[in-house]
Amino acid sequence: ISGKANYESYALEHLGGQVHKYEELYFHYELMPYAHNMPELCNWADLAICRSGAMTIAEMAASGAVPIFLPLPTAANDHQNKNAKFLVDQGAALSFDQKDILIEERVLNALKQIIAEPDFLSKMRANLKPFANREAARQLAELILSSSRGDEVAVAIH
């Protein structure tokens, strides 16, 4: 998922305008400008190369898709690097600095390691699992309601 603004330039710059050629060569490859069905895509994936914002981390943990983080370098207070580092330290993710001039090589080497050592991915998935809280919405709603001190509060759980 490249983002709408980057879709055409990515297809031209990185894929030589041959998006469909790559989709044919790599059975599980598809370049999309945007996606509304992130839960479905995350549940389908074994691995995701992604940013490391709070929602992305929650999606990865809930789905079990092991993240390779490329933290947004301009994120406020460097929070994406901090988020990524926490999961890397737990053995639940990998992270690379997008400003690193060798980033493509480093990510490719990580992918080669994951392919060569199937247990590597399953260990990371097991380390990621404790961070998935499928009851988080309910628990948050209960916390809000319990702290409302009798004030009328409406809470919607999705």
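Cut-offs used in this document
Residues numbered from 1 in each chain as written. Predicted model: local features only at pLDDT ≥ 70, side-chain atom pairs only at ≥ 80, totals over all residues. Heavy atoms only, no water. Buried < 20%, exposed > 50% of the residue type's maximum accessible area, 1.4 Å probe, protein only. Helix = DSSP H or I, 4+ residues; strand = E, 2+ residues; numbered from the N terminus. Arc of directions from axis to C-beta. Contact = heavy atoms within 4.5 Å. Axes fitted to C-alpha atoms, helices over the stretch in contact; angles between N-to-C directions. Parallel < 35°, antiparallel > 145°, perpendicular 65-115°, else oblique. Nonpolar A, V, L, I, M, F, W, Y, C, P; charged D, E, K, R; others polar. Pairing = 2+ DSSP bridges.

**Looking at helix H7 (residues 118-128)**
Okay, step 1: Inspection of H7 places Leu121, Met124 and Leu128 among the buried residues, and these make up the whole buried set. Down the axis of H7, the buried set is contained in an arc of 65°. They therefore lie on one face. Exposed and oriented more than 90 degrees from the buried face of H7 are Pro118, Asp119 and Lys123.
Okay, step 2: Contacts made by the buried residues of H7 are with strand E1 (47-50), helix H4 (54-63), strand E2 (66-69), helix H5 (79-89), strand E3 (94-95) and helix H6 (103-116).

**With respect to the packing of H6 against H7**
Okay, step 1: Orientation of H6 relative to H7, taken along the N-to-C sense of each, is 100°, at an axis distance of 4 Å. By the angle between their directions, the pair H6 and H7 is classed as roughly perpendicular. In contact with Gln113, Ile114, Ile115 and Ala116 of H6, H7 contributes Pro118, Phe120 and Leu121.
Okay, step 2: For the contact of H6 with H7, the class distribution of residues is six nonpolar, one polar and no charged.

**Focus on the sheet that holds E3**
Okay, step 1: Strand order across the open sheet formed by three strands is E1-E2-E3, with parallel pairing between neighbours. Two strands close off the open sheet at either side, each with one partner strand: E1 and E3.
Okay, step 2: Against the sheet, H6 makes contact with E1, E2 and E3, and its axis sits at roughly 170° relative to E1, the strand it touches most.

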